[in-house]
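Single-letter residue listing:
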Amino acid sequence: MTESDNSIKRWRKAILITLGIFLLFWIGHNLTVVLGTETITEGNIADVIADRYQECGKVLAIVIPNIYAILFYYIFGLGDAHVILRYGRRKYEKIETLKMFISSVIFVFEYFLVDIVFMTFFGGIKLLTATSYYQFIMLEFIMMTFYIYLIGMTLYFLRNFMKFNRMYMLCGAVIYSLSGILYYVFFKEFSPAFYMNFSTEWFNYHSFDSFTYIINLAKLFFASLILKYLGEIVFLRRDILENEEN
């Protein structure tokens with residue numbers, strides 16, 4: 001089996017496992033809805049979103065970074081020597097970082113796909129349309145994609161900086177988990193996961209701070225860009241292959 005075949009197999013397996021985790025995660029957080037003892041209405045939709053599957057403090061700031069860190073570690077191991085030699089260091093890294101962005105998009109797409117399917121089934125299209133739920137999800141999708149990409153670029157930099165020591169995954173997960181945990185210590189929103197904390201304003205007050213949204217999006221974008229280039233610099237300066245010409 002070629003390296004390409006192994007890579008495709010890892011991607012497929014990762015996508016299926018991640019989808020399964022999100023399915024179980026949604027059901028676990030909304031068991032009362034699934035069992036029929038609670039109904040999603042215009043009065044409680046903000047709480048259903050903000051306090052459960054899309055909760056920022058525990059879920060998005062702590063749990064999700066750990067899931068993605070494991071996924072990242074599973075997919076993005078160091079490529080075979082012949083792959084690096086064939087593309088060259090610089091082109092190889094460009095391809096790798098593009099794949100990492102794609103993995104972020106797929107990861108977030110699966111996350112919200114699960115929410116959309118279940119919310120549509122249990123809440124109904126009429127309710128979700130009336131509350132502009134689908135527009136809300138689109139905004140969340142864009143923000144979360146760059147949030148996950150930031151996590152990916154952090155892992156990418158740590159992976160190269162730590163010379164592919166498997167501890168890079170743990171370090172990356174701890175960094176983001178700690179930023180989420182600090183919220184419960186100092187009651188301040190250190191984690192960028194809180195950039196997605198606007199469901200109450202959206203559903204209860206029908207308001208949206210577009211300026212803050214754009215600023216937060218720009219923060220994620222530029223932070224990811226910096227980590228991406230730092231990761232590339234570290235990789236290009238390392239002696240990845242014995243006797244390889246720079």
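Residues numbered from 1 in each chain as written. Predicted model: local features only at pLDDT ≥ 70, side-chain atom pairs only at ≥ 80, totals over all residues. Heavy atoms only, no water.

A. Spatial organisation of the overall build of the chain. Helices and strands together make up the secondary structure of the chain, namely 11 helices and zero strands. Counting helices and strands in the order they occur from the N terminus, the chain gives α-α-α-α-α-α-α-α-α-α-α. For the chain, the residues scored as buried account for 46% of the 246 residues in total. Split by element, the accessible area of the chain, about 13,000 Å² in all, is 66% carbon and sulfur. (Helix = DSSP H or I, 4+ residues; strand = E, 2+ residues; numbered from the N terminus. Buried < 20%, exposed > 50% of the residue type's maximum accessible area, 1.4 Å probe, protein only. Areas by Shrake-Rupley, 256 points an atom, 1.4 Å probe, with all protein chains shown as cover.)

B. Structural context of the packing of aromatic side chains. Under the counting rule described, the total for this entry stands at 32 aromatic pairs. Ring geometry for phenylalanine 198 against tyrosine 213: centres 6.1 Å apart, planes inclined by 85°, an arrangement best described as edge-to-face. In this pair, phenylalanine 198 sits in the loop between helix H9 (167-186) and helix H10 (199-204) while tyrosine 213 sits in helix H11 (residues 210-237), placing the two residues 15 residues apart along the sequence. The burial state of phenylalanine 198 is the same as that of tyrosine 213; both residues are buried. (Phe/Tyr/Trp six-rings, centres within 6.5 Å; stacked < 30°, edge-to-face > 60°.)

C. Layout of a nonpolar patch on the surface. Where nonpolar side chains cluster on the molecular surface, the patch consists of Met167, Leu170, Val174, Leu178, Ile181, Val185, Phe186 and Phe190 and spans about 740 Å² of accessible area. Judged by its relative accessible area of 44%, leucine 170 is partly exposed. (Patch = residues over 30% accessible without salt bridge, like charges linked within 9 Å, V, L, I, M, F, W, Y side chains within 5 Å. Salt bridge = Lys/Arg side-chain N within 4 Å of Asp/Glu carboxyl O.)

D. Seen up close, the layout of surface pockets. Approximately 210 Å³ is the volume attributed to the second largest pocket. Among the elements that line the lining of the second largest pocket, the one with the most residues is H11, at three residues. The residue makeup of the lining of the second largest pocket, split by class, is five nonpolar, four polar and three charged. (1 Å grid on protein atoms, 1.4 Å probe; cavity = no way out; pocket = protein on both sides within 12 Å on 5 of 7 lines; lining within 4 Å. Points joined across faces, edges and corners; volume = space filled by probe spheres on them. Nonpolar A, V, L, I, M, F, W, Y, C, P; charged D, E, K, R; others polar.)

E. Expanded view of the pattern of salt bridges. Counting across every chain of the model gives four salt bridges. Glutamate 232 serves as the salt-bridge partner of lysine 94, at 3.6 Å between the closest nitrogen and oxygen. Taken together, the residues span a long stretch of sequence, with lysine 94 in helix H6 (residues 89-123) and glutamate 232 in helix H11 at a distance of 138 residues. The salt bridge involving glutamate 232 is made with lysine 228; its shortest N-O contact spans 3.1 Å. In this pair, glutamate 232 and lysine 228 are both assigned in helix H11, four residues apart and thus about one turn of the helix distant. With a relative accessible area of 6%, glutamate 232 lands in the buried category. Given the relative accessible area of 12%, lysine 228 is considered buried. Connected via shared salt-bridge partners are Lys94, Lys228 and Glu232.

F. The arrangement of the confidence of the model for the chain in detail. Mean pLDDT over the chain works out to 87, with 89% of the residues at or above the 70 mark. Across residues 240-246, confidence stays below pLDDT 50; counting only partners more than four residues off in sequence or on other chains, it has 11 contacts. (pLDDT = per-residue confidence, 0-100. Contact = heavy atoms within 4.5 Å.)

G. Region of the structure containing helix H4 (residues 56-75). Its maximal kink placed at isoleucine 64, H4 deviates by approximately 35°, while the proline proline 65 follows within four residues. Taking burial as the measure, the 20 residues of H4 include 14 buried ones, the bulk of the element. Looking at where H4 begins, the residue whose side-chain oxygen comes 2.8 Å from the main-chain nitrogen of glycine 57 is glutamate 55. (Bend = angle between axes of the 7 residues up to and from the residue. Polar contact = N/O pair within 3.5 Å; in protein donor to acceptor, adjacent residues only side chain to side chain.)

H. Quick look at the environment of alanine 50. In this fold, alanine 50 is placed in helix H3 (residues 45-53). Separated by 148 residues in sequence, alanine 50 and phenylalanine 198 have C-alpha atoms that sit 8.4 Å apart. Once residues within four sequence positions are removed from consideration, alanine 50 is found in contact with Glu55, Cys56 and Ser199.

I. Looking closely at empty space enclosed by the protein. Counted by the stated rule, this structure contains two cavities of 30 Å³ or more. Taken as a whole, the largest cavity spans an internal volume of roughly 40 Å³. Taken together, Trp11, Ala14, Ile15, Thr18, Leu71, Ile75, Ser103, Ile106, Phe107 and Glu110 form the lining of the largest cavity. Elements with a contribution of two residues or more to the lining of the largest cavity: helix H1 (3-29), H4 and H6. Of the residues in the lining of the largest cavity, the class split is seven nonpolar, two polar and one charged. Taken as a whole, the second largest cavity encloses approximately 30 Å³ of empty space. Lining the second largest cavity, in full, are Ile49, Ala50, Gln54, Glu55, Cys56, Glu140, Met196, Asn197 and Ser199.

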